[in-house]
Structures are given as structure tokens and as C-alpha cells.
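Each chain, written out:
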Amino acid sequence: MNKVLITGGAGFIGTHLTRVLILAGHSVRILDCMAPQIHGEIPAGLDWLSGPGIEFMRGSVTDEAVMRKALNGIDVVVHLAAETGTGQSMYEIARYNAVNVGGTALLLDVLANDPKRSVKRIVLASSRSIYGEGAYTCPVCSPDRRRYPKSRAMSQLAAHQWEYACDQCAATLQPMATHESDPAKPASIYAATKYAQEDLVRVAGQALGIDYALLRLQNVYGEGQSLNNPYTGILSIFSTRIRRGQHLPIFEDGHETRDFVHVEDVARSFLAAVEHSGVVSQAINVGMGVKTTVEGIAEHLADAFGVQRHLVTTNEYRLGDIRHNFADINRLQTVLGYRPKITLAEGMQRFAEWVNTQALPEDKLKRANDELKARGLMG
Ligand SMILES: NC(=O)c1ccc[n+]([C@@H]2O[C@H](COP(=O)([O-])OP(=O)(O)OC[C@H]3O[C@@H](n4cnc5c(N)ncnc54)[C@H](O)[C@@H]3O)[C@@H](O)[C@H]2O)c1
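A brief look at the structure comes next. The structure presented is a predicted model; accordingly, all values stated were derived computationally and were not measured.

## Some thoughts on the packing of aromatic side chains
Now for step 1: Counted under the stated rule, the structure contains 4 aromatic pairs.
Now for step 2: Consider the rings of tyrosine 136 and tyrosine 164, whose centres lie 5.2 Å apart with planes at 65°: the pair is edge-to-face. Residue tyrosine 136 is found in strand S6 (residues 136-138), and its partner tyrosine 164 is found in the loop between helix H6 (154-158) and strand S8 (174-175); the two are separated by 28 residues along the sequence.
Now for step 3: Judged by its relative accessible area of 0%, tyrosine 136 falls in the buried class.
Now for step 4: Ring geometry for tyrosine 221 against phenylalanine 260: centres 6.4 Å apart, planes inclined by 75°, an arrangement best described as edge-to-face.

In C-alpha cells, the structure reads:
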């Protein structure tokens, strides 16, 4: 049995992880500031935070006194607290840096200066976004060579050149499953802060003799995800529009792909990292290892809600969005012994059923998009 601190534990992933940890016999302390962008101005539905085995501390990971108290007597830290909006990160750079990088640095600083520290492992929620575009290959002239194209420039997106072309034979490059050994090439400030978190944990962990696991999460979805935050979560945005009888606006040509993984599988991957009996000390992809087009995900969701598919391809685009991504998840299985189980069809059904029990949120998509357009980050 471990005493686990979950920073950001009242959020989407933290809620599921807390349940899974408690069921497995661990005790949990949650440190969360209840950020209004996620929880609203007056957070609701938080009775579970006073459940058996759970201790809740309201405070920020950027507050040293709070952090010191939160770490007292802890065996394993799961560090989830972060600002998570990719588009928003491009113009709230100092805030993203202060919370994501500053909060991680403070966590490590407090551990480094505590002669009685009890923490033996840090499990970090990192992100697939650190790979940027990830790996591609040219099926015509060099199928065995992995290539790492630069992020698409605004001019390329404005010309609707969505896919990457081979610089030697002009054939369309094919995306490959991203492996942990592929180079990191963050394409947004959010991604840069997640990569900085990894570096801080890795270097400090080695120096302090604290084991670490850097879990690179793909697109996580499921019951409990924020339906109010317009800066993240394509499925939240789409589900609100379905309930309002509106069409689903599909960016680019709809053939861009993502690797969607259900939050329960993510929570179980974290559990495996917390309980691992040996040394982890590496990055591990957490996804389904399956690529799904954005058009396909919109169709799955409409089907799960039992409504007609009403998709409109808008050709709109956002700077910093990647074209394709899916993960090589072998390491998750070989190192942590876990393989995600919840299929997209089952996960979407569970998500849609849960959404239907929730209050209908305001549709904030237009406001968020207008903000990005005004800043030249979307076209
Ligand atoms: N959800 C995804 O698809 C996904 C994908 C890749 C990585 N991640 C990472 O997983 C982690 C958790 O993501 P999530 O989807 O549960 O996000 P979330 O926004 O639902 O939860 C984050 C929690 O952190 C809290 N928080 C924010 N700033 C804080 C601060 N300064 N001090 C204390 N608490 C603070 C928020 O109140 C919230 O409860 C994040 O680090 C995120 O970068 C998520």
C-alpha cells in the first residue's frame, strides 16, 4: 500500500485515477487549486473528495508552503496539475510556463531540500504533443527511413496543403507509430512545457535517486472530461453541439488522425506505474496504438448519441495542430505490463451516456476560435 500524492487530482484523469488507486488499496492525497477554467467559478459535485482513503488539499503547485505540506509522508507523486490548452498556451505563455514548468520545478526543489523525504517515485503526465509531428516515411522512395518533418507553417495551411510531401519524390508521406526513442519536437508552448517537465523530472530524479515514469498520454477521452473548457477536448466540443442539434465543424479536410484512449485505460496505466516493483526511469507512450481520423471520431460520436451524422468540413486550421499521430505502445506492455482494453465503440457509448446526464454547457467554441483568429493563430 502506497501513500500517493496526486497534484491536479480533482481533474479529469485524477478523478478516475483516485478511484482506481483507492480500489487497489492505496491512500490518496489530492492537491488541486480547482482552476475556474476547468471547474467553473463555483466548483460543484465534489463530495467524493471527502470519501474514505482520500485527503483533499486546495492549493496551487506554485505555492511553496502548500507543496511542502502536500509532500509530507508521501511514497509516490503522480504529477497531473497543469494548464492544458494548446491554442491558449500560444498567447498565455508566462502562465503556462509558471504552472507547468514552475510547478514541477518547485515540486522537485522541495524534494531536493527535504532531508527526510519519503518519495520513491514520480509519475508524470506527459503528452504526445512533445513529438510534434512525429515520425513519417516515404512509401515510394525510402520506406525504411523515418523522417521527422517540421511543423506546418501558416502559409502551407492557408494553401490547404494538409499532408506532408516527400522532398525527394513528392509522394505523400505516411505517418508511422511514434516510438519513445523518436526525437522530441514540441510545436506549441503547451508541448514545450510538457517536455520541460520531463527533463526536470528526469534530471532531478537521477540526481536525487528518485525513480520516475514519464507517461506520454495520447488523446484521452471519457466520462468526467471537462465539458466547459473550450480550449481542449474535441469530444467535449462535439458532444455539446450534438446536444444543441448543431452540425459538427471538421477542421482541415477531416482526414487528420489522432490516437484516442479511454480515461479508464489511462488511469490503469498510471496504477501500473505507481505499483511497478522495479525501476522504471523512462518515457512510456500511453494510447490505444490505433489512428482514427477526426471525421471518423465525429461519426462514432454521432452514432453513440443515436443522432444523424451532420459533419461540415470547414477547412479551418490552427497553427501548432499536428496532422497525424498514433503511438507505438509496446513499451507500456513490456515495461508496465498493461495494454489498454476499452474499444472506441465501447468508450464512445460510455462517454455519450455520461454526457446525457450532465447539464448542457454553453457553446463557447465560437468565442475560443475568434480569440485564436484575432491573434493570427487560426485561419
Ligand atoms: N486529457 C488529455 O487528453 C491529456 C493528454 C496528454 C496529457 N495530459 C496531461 O494530463 C494531466 C491531467 O490532464 P486532465 O485532462 O486531467 O486535465 P484537467 O484540466 O481535467 O485537470 C487538471 C487539474 O489540475 C488542476 N490545476 C491546474 N492548475 C493547478 C495548479 N496551479 N495547482 C494545482 N492544481 C492545478 C485543475 O484544477 C484540474 O483539476 C495534465 O498534466 C495534462 O497535460 C492530458
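We are not done yet, so read on.
## Quick notes on the site of the ligand
Now for step 1: Near the ligand there are 28 residues, and of these Asp32, His39, Leu80, Tyr190 and Lys194 occur at the shortest range.
Now for step 2: Phenylalanine 12 is positioned with one of its backbone polar atoms (N or O) 2.9 Å from an oxygen atom of the ligand.
Now for step 3: When isolated, the ligand has an accessible area of 830 Å², and the protein chains bury 92% of it.
Now for step 4: Elements with a contribution of two residues or more to the shell around the ligand: helix H1 (12-23), helix H2 (36-39), strand S5 (121-127), helix H7 (189-208) and strand S10 (219-221).
Now for step 5: For the shell around the ligand, the element with the highest residue contribution is S5, accounting for 3 residues.
Now for step 6: Here the shell around the ligand is built from residues that sort into 16 nonpolar, 10 polar and 2 charged.

## Regarding the environment of phenylalanine 326
Now for step 1: Looking at the element boundaries, phenylalanine 326 is found in the loop between strand S16 (311-313) and helix H11 (330-336).
Now for step 2: Residue classification places phenylalanine 326 among the buried residues on the basis of a relative accessible area of 11%.
Now for step 3: Spatially, the C-alpha atom of phenylalanine 326 lies 7.5 Å from that of methionine 176, the residues being 150 residues apart in sequence.

## Some details on the layout of surface pockets
Now for step 1: In this structure, the second largest pocket occupies an estimated 670 Å³ of space.
Now for step 2: Residue lining of the second largest pocket: 27 residues in total, with Ala10, Ala44, Gly45, Gly224 and Trp354 positioned closest to the centre.
Now for step 3: Secondary-structure elements contributing two or more residues to the lining of the second largest pocket are H1 and H2.
Now for step 4: Per element, the largest residue contribution to the lining of the second largest pocket is 6 residues, and it comes from H1.

## Points about unusual backbone geometry
Now for step 1: Of note in the backbone geometry, glutamate 252 takes a positive phi value of approximately 50° without being a glycine.
Now for step 2: Topologically, glutamate 252 is positioned in the loop between strand S11 (248-250) and strand S12 (257-258).

## Let's talk about the sheet that holds S8
Now for step 1: Taken together, the 3 strands give an open sheet; going across it, the order is S7-S6-S8, and neighbouring strands pair in antiparallel fashion. Here the strands that pair on one side only, and so sit at the sheet edges, are strand S7 (142-147) and S8.
Now for step 2: As judged from the 2 bridges shared by S6 and S8, these two strands associate in the antiparallel manner. Note that in S8 the partner of tyrosine 136 across the bridge is proline 175.

## With respect to the sheet that holds S5
Now for step 1: Pairing within the open sheet is parallel, and its 7 strands lie in the order S3-S2-S1-S4-S5-S9-S14. Unpaired on one side and paired on the other, strand S3 (54-58) and strand S14 (282-286) mark the two borders of the sheet. Between one strand axis and the next, the sheet turns by 20° as a mean value, whatever way the strands run.
Now for step 2: Lying over the sheet, H1 contacts strand S1 (3-7), strand S2 (27-32), S3, strand S4 (76-79) and strand S9 (211-217), oriented at roughly 170° with respect to S1.
Now for step 3: Each of S4, S5 and S9 touches H7; the most contacted strand, S5, lies at about 160° to it.

## A closer look at the pattern of salt bridges
Now for step 1: Using the criterion set out here, one finds 25 salt bridges in the structure.
Now for step 2: The shortest N-O distance in the salt bridge between arginine 95 and glutamate 92 comes to 2.6 Å.
Now for step 3: Relative accessible area serves as the criterion here: at 30%, arginine 95 is assigned to the partly exposed category.
Now for step 4: Where aspartate 182 meets arginine 146, a salt bridge forms, and the shortest distance between an N and an O atom there is 2.8 Å.

## Digging into the environment of histidine 262
Now for step 1: Inspection of the secondary structure assignment puts histidine 262 in strand S13 (residues 260-262).
Now for step 2: Residue class for histidine 262 comes out buried when judged on its relative accessible area of 0%.
Now for step 3: For the pair histidine 262 and phenylalanine 12, spaced 250 residues apart in sequence, the C-alpha to C-alpha distance is 11 Å.

## Brief notes about empty space enclosed by the protein
Now for step 1: Enumeration according to the criterion identifies 2 cavities of 30 Å³ or more in this entry.
Now for step 2: Lining the second largest cavity are Thr86, Gly87, Met90, Arg318, Leu319, Asp321, Leu372 and Leu377.
Now for step 3: When grouped by side-chain class, the residues that make up the lining of the second largest cavity number 4 nonpolar, 2 polar and 2 charged.

## A few points about the packing of helix H8 (residues 234-243) against helix H10 (residues 294-305)
Now for step 1: It is the contact of H8 with H10, at a shortest axis distance of 10 Å, that shows an interaxial angle of 45°. Accordingly, the angle class assigned to the pair H8 and H10 is oblique. Crossing geometry of H8 relative to H10 is assigned as right-handed. Contacts between H8 and H10 involve Ile234, Leu235, Phe238, Ser239, Ile242 and Arg243 from the first element and Val294, Ile297, Ala298, Leu301, Ala302 and Phe305 from the second.

Reading guide: rules and limits
- Residues numbered from 1 in each chain as written.
- Predicted model: local features only at pLDDT ≥ 70, side-chain atom pairs only at ≥ 80, totals over all residues.
- Heavy atoms only, no water.
- Phe/Tyr/Trp six-rings, centres within 6.5 Å; stacked < 30°, edge-to-face > 60°.
- Helix = DSSP H or I, 4+ residues; strand = E, 2+ residues; numbered from the N terminus.
- Buried < 20%, exposed > 50% of the residue type's maximum accessible area, 1.4 Å probe, protein only.
- Near = heavy atom within 4 Å.
- Polar contact = N/O pair within 3.5 Å; in protein donor to acceptor, adjacent residues only side chain to side chain.
- Areas by Shrake-Rupley, 256 points an atom, 1.4 Å probe, with all protein chains shown as cover.
- Nonpolar A, V, L, I, M, F, W, Y, C, P; charged D, E, K, R; others polar.
- 1 Å grid on protein atoms, 1.4 Å probe; cavity = no way out; pocket = protein on both sides within 12 Å on 5 of 7 lines; lining within 4 Å.
- Points joined across faces, edges and corners; volume = space filled by probe spheres on them.
- Pairing = 2+ DSSP bridges.
- Axes fitted to C-alpha atoms, helices over the stretch in contact; angles between N-to-C directions.
- Contact = heavy atoms within 4.5 Å.
- Salt bridge = Lys/Arg side-chain N within 4 Å of Asp/Glu carboxyl O.
- Parallel < 35°, antiparallel > 145°, perpendicular 65-115°, else oblique.
- Left-handed = near helix turned anticlockwise from the far one by under 90°.

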